[in-house]
Amino acid sequence: MDEKNISATEKDESHINGENVAVENGAEMKVEGEVRHIDGEDVLFETTTQKPSSSIVMTEKEDKKPKSNEKLSVRMKNAIKNADKKELTLIYSFLIVAAIIRAMSYVVFAKPNMVAPGGITGLSTILSNYVPALQNASGFMMFAFNFPLLVLAFIFLNKKFALYTIIETVLTSAFIALFELPQINFPTFEGDVFLAAICTGALNGFGLGLLLRANCSTGGNDIVGLLIQNKFPKVKVVWLILILDSTVAIAAGLVKQFVMPISGAHVGDGLATSIYSFIALFVNSYVAEKIQRGFVSSVKFEVVTEKKEEVGKVITETFHRSATMFEGYGMYTKKPRTMIVAVVRKREAVALKKKIMEIDPAAFFYVSNIHEIVGNGFMVQVNASSKIK
């Protein structure tokens, strides 16, 4: 049998086997075998295979996206860019404010009172009080101690985290160096060491909280802990940093006990110095956590009751809060039970307790503190395009 290839250059209809077949531009028909009658002519056909050009047509259609979608896409991209710019502005504002606050904490309270709140800051406090050549070089010391750690952080840790930490370290060191200049004559607080420790921890914690919200750190022990965890994932960073900070606080006490400071103050009170340093560490951690998580003062109620409708109505209509209901089973009573979960402000907790007891004196419920809430009525959702990772 002969074989022929017929290429259709125009879209027309051909009569094949009693049916009208549309042949589009560029479609190729492979024919062989028996004779068929097409448009008044006898043509030899056995099998007809058409390579459809519809795919070409579809590709052309797919390439032609609606203009409205293009405009929508451009608007979305612009919105994301604007949100990113605002977020970056906020992050850099956090870095600058945190650097100023931490520098003031060191120069005004920590250094004059020998409060060493751990890390490189505490180490700088010790050296600046006992090494004459470093008395007014705390800013340079901090940067020098941090520099190799920052390089390692940039190599082995998250690049964005490392970049923000580098900026923060440079800013903090620069502000400390500025405030230590004799020409500036920056005010200092001396005398009540306990109050100085509280202020050191509070100001440091406030600055650290801002940095944590910006996915940044103060450098020093934080980087050491993360680098070690990067190598040994099973190591707990929190405990490692606590050990390093505690070592510096204890070292400050030992130095104060046995070494004469530059100021000529009496030797001794080393235990008190370590205690004050630990107080500053505790306040620092507490305030930083509050700043990072926000001051959301709320509690969660989990109520097991047989009067679910009445309790639910009080929560939703009296306190204007939502609630979630779970059906359960009492293992002791062997009866079905309903548990209602709701979150309210702390100031509403006492009133809600009274209402529940009035409705169902046999109700079983417990209340727990909530550290962070995201959702309608409590905290605005974080932007999905956030650059903080």
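Residue numbers restart at each chain and count upward from 1, following the sequence in its written direction. Restriction of local features to residues with pLDDT of at least 70 applies here, the model being predicted, together with a cutoff of 80 or more for giving and counting side-chain atom pairs; totals for whole chains, interfaces and linings are based on all residues. For the side-chain quantities, the full set of heavy atoms in the structure was used; hydrogens and water were omitted.

### Observations concerning the overall build of the protein
A tally of helices and strands in the protein yields 11 helices and 11 strands. When accessible area is computed with a 1.4 Å probe and restricted to protein chains, residues below 20% of their type maximum are described as buried, those above 50% as exposed, and intermediate ones as partly exposed. A burial count over the protein gives 37% of its 389 residues as buried. In what follows, residue pairs with any heavy atoms lying within 4.5 Å of each other are defined as contacts. In the protein, once contacts between residues fewer than 6 apart in sequence are set aside, the share between residues at least 24 apart is 66%. Using the Shrake-Rupley algorithm and a 1.4 Å probe, accessible areas are obtained, with residue cover drawn only from the displayed protein chains. Here the protein has roughly 23,400 Å² of accessible surface; of this, 61% comes from carbon and sulfur atoms. Helix numbers and strand numbers start at the N terminus; a helix is a DSSP run of H or I with at least 4 residues, a strand a run of E with at least 2.

### As for a nonpolar patch on the surface
On the surface, a nonpolar cluster with roughly 600 Å² of combined accessible area is contributed by Phe143, Phe147, Val151, Leu152, Ile155, Phe156 and Val170. Broken down by element, the residue count for the nonpolar patch peaks at six residues, all from helix α4 (residues 138-156). Patch membership requires over 30% relative accessible area and the absence of a salt bridge. Like charges are linked within 9 Å, and nonpolar side chains (Val, Leu, Ile, Met, Phe, Trp, Tyr) within 5 Å. When a carboxyl oxygen of Asp or Glu lies within 4 Å of a side-chain nitrogen of Lys or Arg, that pair is called a salt bridge.

### So, the environment of Tyr286
Inspection of the secondary structure puts Tyr286 in helix α9 (residues 270-293). Judged by relative accessible area, Tyr286 falls into the partly exposed class, the value being 48%. Taking the C-alpha atoms as reference points, Tyr286 and Gly209, 77 residues apart in sequence, are found 9.6 Å from one another.

### Some words on the layout of surface pockets
Both site types are read off a 1 Å grid over the protein atoms alone. A 1.4 Å probe that fits but cannot get out defines a cavity, while an open set with protein on both sides within 12 Å along at least five of seven lines defines a pocket; lining residues have an atom within 4 Å of a point. Grid points are joined across faces, edges and corners, and a volume is the space filled by probe spheres set on the points. Approximately 1,100 Å³ is the volume attributed to the largest pocket. Together, 37 residues line the largest pocket, and Leu208, Asp222, Ile241, Asp245 and Asn284 are the ones closest to its centre. Of all the elements in the fold, those that place two or more residues in the lining of the largest pocket are α3 (119-130), α4, α5 (159-179), α6 (193-213), α7 (221-231), α8 (237-258) and α9. A per-element tally of the lining of the largest pocket places α9 first, with seven residues. Looking at the lining of the largest pocket, its residues break down into 15 nonpolar, 17 polar and five charged. For this scheme, ten residues count as nonpolar: Ala, Val, Leu, Ile, Met, Phe, Trp, Tyr, Cys and Pro. Four count as charged, namely Asp, Glu, Lys and Arg, and the remainder, Gly too, count as polar.

### Structural notes on the confidence of the model for the protein
Within the protein, residue pLDDT values average 78, and 72% of them lie at 70 or more. Model confidence for the protein, summarised as mean pLDDT per element, is weakest for helix α1 (residues 54-63) at 42 and strongest for α5 at 93. The quantity known as pLDDT measures the predictor's confidence residue by residue, on a range of 0 to 100. For residues 21-32, every residue scores under 50 in pLDDT, and the model assigns this stretch 62 contacts once sequence neighbours within four places are set aside.

### With respect to the packing of aromatic side chains
Centres within 6.5 Å are what make two rings of Phe, Tyr or Trp a pair, Trp counting through its six-membered ring; a difference in plane orientation under 30 degrees is then read as stacked, over 60 as edge-to-face, and the rest as tilted. A complete count under the given rule lists seven aromatic pairs for this structure. An angle of 50 degrees between the planes, with centres 5.9 Å apart, marks the rings of Phe143 and Phe147 as tilted. You can see Phe143 and its partner Phe147 sitting in helix α4, four residues apart, about one turn around the helix. Relative accessible area serves as the criterion here: at 32%, Phe143 is assigned to the partly exposed category. In this structure Phe147 comes out as partly exposed when scored by relative accessible area, which is 47%. Members of the aromatic cluster, each reached through a chain of ring pairs, are Phe175, Phe179 and Phe186. Across the ring face of Phe154, the terminal group of Lys159 is positioned such that the distance to the ring centre comes to 5.7 Å. Two limits define a charge over a ring: the Lys NZ or Arg CZ must be within 6 Å of the ring centre, and within 35 degrees of the ring normal.

### Points about the packing of helix α10 (residues 308-318) against helix α11 (residues 346-359)
α11 packs onto α10 with a crossing angle of 155 degrees between their chain directions and a minimal axis gap of 10 Å. Judged by the angle between their axes, α10 and α11 are roughly antiparallel. Where α10 crosses over α11, the handedness of that crossing is right-handed. Residue-level inspection shows Glu310, Val311, Val314 and Ile315 of α10 in contact with α11, the latter providing Leu352, Lys355, Ile356 and Ile359. Grouping the amino acids of the contact of α10 with α11 by side-chain chemistry returns six nonpolar, no polar and two charged. A fitted line through C-alpha atoms represents every axis, and for helices the fit uses only the stretch in contact; the resulting angles, taken between N-to-C directions, go from 0 to 180 degrees. An angle below 35 degrees is treated as roughly parallel, one above 145 as roughly antiparallel, one from 65 to 115 as roughly perpendicular, and anything else as oblique. Each helix crossing is assigned a hand: it is left-handed if the near helix lies turned anticlockwise from the far helix by less than a right angle, otherwise right-handed if that turn is clockwise.

### Some points on the pairing of strand β9 (residues 323-329)
Strand pairing is assigned whenever DSSP detects at least two bridges linking the two strands. Inspection of the sheet shows β9 paired to strand β10 (residues 336-345) by seven bridges, in the antiparallel sense. If you follow Tyr329 over to β10, its bridge partner there is Pro336. Joining the antiparallel neighbours β9 and β10 is a turn of six residues, in which Lys334 adopts a positive phi near 60 degrees.

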